[in-house]
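The residues making up each chain are set out below.
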Amino acid sequence: MNETIDIKNPRTGEVDYHINATNPADISNLASRALAVQSEWLAIGLEERCKAISTFADLLETHSTSVIRTLEIDTGRRMLARAETLGVISNLRNWASLAPTLMPTPEWTQGRAKHNFKHINEYVPYKLVGVISPWNFPMMLSFIDAIPALLAGAVVMIKPSEVTPRFADVVTPIIKAAGLQDQLIFVQGGSATGAALIDHVECVCFTGSVPTGRKVALKAAENLIPANLELGGKDPLIITKDADLNAATSLALRASVLATGQACQSIERVYVPNAIYETFMEQLAEKARGVKLNYPDISKGHIGPFIFERQASIVAAQIEDAKAKGAKVLTGGTILSHGGGRWLEPTVIASVTHDMDIMREETFGPVIPVMGYETIEEALFLANDTEFGLSGAVFAENIDAAKAIGKHIEAGAISLMDGALTGQYFDAGKQSFKNSGLGGSRMGVNGFLRFFRQKAYIANTTAPLRLEDFSE
């Protein structure tokens, strides 16, 4: 019998949904079903696959109201549930139009050292790709890897987070209506389901925490398959003394607390020149106090509840650690219980240091710790004093000045004159640094090409060498 998992509503704290975990035997059967159609899916060609994905996008748009409503329950937020759903639809269409332009056109290439040889490459997709997605943007991060993999010619199995699984049950009938029920399969469950999935795929894509990412990487290594991992971040924002203070404080607030700070690319550390520190903190705190929770009315306010109740406890512990070590909480700082859900108002923290958990561990909450610095060299040292290297940001006098600083931040993507832009802009290829991930970029050209292996055909244009040609 399959394990039944209770699902809590993040706004009420009540168990109001249940999923049956897909067991290993069922995963094996589903994988076989998907693999049975993969060769046909590949044979129809990229143009026809693009048409199929476009049809899926159209049907998803037709049924978007029910999808948005379900995603709203999963995440406890309305505007972002709508934006996430529409974003997936847009990405489906964008990839369908872009993929044909990215597919290499192989040509015979003459050998450089030995001119009698030539070669041509064939791009062969992985047959079955597994995707394990997180709870913070459950729908978008399920499809961000699945879409290009499908277009490459792979079939895909997705395990969404057991914290936010409702949307997948609503999307599955839409997938069937698009005729993709064998090529794109959702499986529900927890960590055991994810581990079983890895045993049946040729490539795995995972988005989530560093500890779980390590487990996925080890499991993939055991099976000798590639793992594409996008893991945690502790993204810094460096603000310079020449920056527009009003714009800088507004940016720091938005980039830190949007989506309740539950985004990999959220700004989690802010560095400000000591000369403007007090003024910056006053303005930031004033703006933070104006932010409203979307409670009791989900259609009003700015930020929602913690999606995962346990995360509220993690954030609370970080805040208490900072206070015990001398930090000053200027706004927020207390986990609230409204309607059974867990909430936190934007929490601005001053007088922080790098011996505090709030400056070293991933927070994933609406917290803005701000530290002063004397020189840009000091700011860069602090920004790089971390095990993470997902992304970062610089707000300076202009783009050129910001880029000159950003060049020295050890991270895969740097937002210039803004922050957290990787959540808005998907065209730029980027890879994670340090412990923030592994594998090729999920953005840009490589977001598509990483689902292929290169097969080489090497031809000799003259007579083959004989054994005698190698005589001593």
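One can find the structure itself at the top, above this paragraph.
Quick look at the structure, then.

## Points about the sheet that holds strand E7 (residues 184-186)
Working step 1: With mixed pairing, six strands are arranged side by side in an open sheet as E7-E6-E5-E8-E9-E21. Unpaired on one side and paired on the other, E7 and strand E21 (437-438) mark the two borders of the sheet.
Working step 2: Here strand E5 (residues 128-132) runs beside strand E8 (residues 203-207); their pairing, made up of four bridges, is parallel. Among the inter-strand pairings, Val-129 is bridged to a residue of E8, identified as Cys-203.
Working step 3: Taken strand by strand, helix H7 (residues 191-198) contacts E5, strand E6 (155-159) and E8, and its axis lies near 160° from that of E5.

## Section: the side chain of Lys-159
Working step 1: Its place among the elements puts Lys-159 in strand E6.
Working step 2: Accessibility expressed as a relative area gives 4% for Lys-159, which makes it buried.
Working step 3: Polar contacts involving the side chain of Lys-159 include one to the side chain of Glu-162, which spans 3.3 Å.
Working step 4: Not counting residues within four places of it along the chain, the set of residues in contact with Lys-159 comprises Val-131, Ile-132, Ser-133, Val-187, Gly-189, Gly-190, Thr-193, Gly-194 and Leu-197.

## Examining the nonpolar core
Working step 1: The biggest cluster of nonpolar side chains holds 80 residues, and the ones touching the most others in it are Phe-56, Leu-60, Val-129, Phe-143 and Val-171.
Working step 2: It is helix H5 (residues 140-152) that contributes the most residues to this core, ten residues altogether.
Working step 3: Beyond its immediate stretch of four places on either side in the chain, Phe-143 contacts Phe-56, Val-88, Pro-148, Val-171, Leu-184 and Phe-186.
Working step 4: Grouped together as the second largest cluster of nonpolar side chains are 30 residues, Leu-284, Ile-303, Trp-343 and Ile-368 included.

## A closer look at H5
Working step 1: Across its 13 residues, H5 extends 19 Å between first and last C-alpha, which sits within 8% of the 18 Å expected from 1.5 Å per residue.
Working step 2: The sharpest bend along H5 comes to roughly 25°, located at Ala-146, with the proline Pro-148 sitting one to four residues further on.
Working step 3: With 13 of its 13 residues buried, H5 lies for the most part within the structure.
Working step 4: Two residues or fewer past H5, Gly-153 is found with a positive phi of approximately 115°.

## Focus on the pairing of strand E9 (residues 227-230)
Working step 1: Residues Ala-227 and Leu-229 of E9 are buried on one face, and the alternating residues Asn-228 and Glu-230, pointing to the opposite face, are buried as well.
Working step 2: Sheet topology places E8 next to E9; four bridges connect them, and they run parallel. When the sheet's bridge partners are listed, Val-204 is paired in E9 with Ala-227.
Working step 3: Read as a crossover between parallel neighbours, the route from E8 over helix H8 (residues 210-222) to E9 is right-handed.

## Considering the sheet that holds strand E18 (residues 392-395)
In a beta sheet, neighbouring strands are held together by backbone hydrogen bonds and run either parallel or antiparallel to one another.
Working step 1: The strand order across the open sheet built from seven strands is E12-E15-E16-E11-E10-E18-E19, with neighbouring strands paired in mixed fashion. What marks the edges here is a single partner per strand, and that holds for strand E12 (328-329) and strand E19 (414-416).
Working step 2: Inspection of the sheet shows strand E11 (residues 267-273) paired to strand E16 (residues 367-373) by four bridges, in the parallel sense. Opposite Val-270, over in E16, you have Val-370 as the bridge partner.

## A closer look at the packing of helix H3 (residues 64-75) against helix H6 (residues 166-177)
Working step 1: One way to put it is that H3 packs onto H6 with a least axis distance of 8 Å and a crossing angle of 165°. Put simply, H3 runs roughly antiparallel to H6. Relative to H6, H3 is oriented so that their crossing is left-handed. Across the interface between the two elements, Ser-66, Val-67, Thr-70, Leu-71, Ile-73 and Asp-74 from H3 touch Arg-166, Phe-167, Val-170, Val-171 and Ile-174 from H6.

## A few points about the pattern of salt bridges
Working step 1: Using the criterion set out here, one finds 24 salt bridges in the structure.
Working step 2: Measuring nitrogen to oxygen at the nearest pair gives 2.9 Å for the salt bridge that ties Lys-8 to Glu-309. Here Glu-309 lies in helix H11 (residues 309-324) and Lys-8 lies in strand E1 (residues 4-8), a separation of 301 residues in the sequence.
Working step 3: With relative accessibility at 41%, the residue Lys-8 sits in the partly exposed group.
Working step 4: Judged by relative accessible area, Glu-309 falls into the partly exposed class, the value being 37%.
Working step 5: Lys-430 is the partner of Glu-230 in a salt bridge, and the nearest nitrogen-oxygen pair spans 3.5 Å. A residue pair is termed long-range when its members are at least 10 positions apart, and Glu-230 in strand E9 and Lys-430 in the loop between E19 and strand E20 (433-434) qualify at 200 residues.
Working step 6: For Glu-230, a relative accessible area of 14% translates into the label buried.
Working step 7: With relative accessibility at 11%, the residue Lys-430 sits in the buried group.
Working step 8: Counted as one network, the salt bridges with shared partners bring together Asp-145, Glu-230, Lys-430, Arg-442 and Arg-450.

About the criteria used
Residues numbered from 1 in each chain as written. Predicted model: local features only at pLDDT ≥ 70, side-chain atom pairs only at ≥ 80, totals over all residues. Heavy atoms only, no water. Pairing = 2+ DSSP bridges. Helix = DSSP H or I, 4+ residues; strand = E, 2+ residues; numbered from the N terminus. Contact = heavy atoms within 4.5 Å. Axes fitted to C-alpha atoms, helices over the stretch in contact; angles between N-to-C directions. Buried < 20%, exposed > 50% of the residue type's maximum accessible area, 1.4 Å probe, protein only. Polar contact = N/O pair within 3.5 Å; in protein donor to acceptor, adjacent residues only side chain to side chain. Core = buried A, V, L, I, M, F, W, Y, C linked by side-chain atoms within 4.5 Å. Expected span 1.5 Å × (residues − 1). Bend = angle between axes of the 7 residues up to and from the residue. Right-handed = clockwise from strand over helix to strand, strands pointing away. Parallel < 35°, antiparallel > 145°, perpendicular 65-115°, else oblique. Left-handed = near helix turned anticlockwise from the far one by under 90°. Salt bridge = Lys/Arg side-chain N within 4 Å of Asp/Glu carboxyl O.

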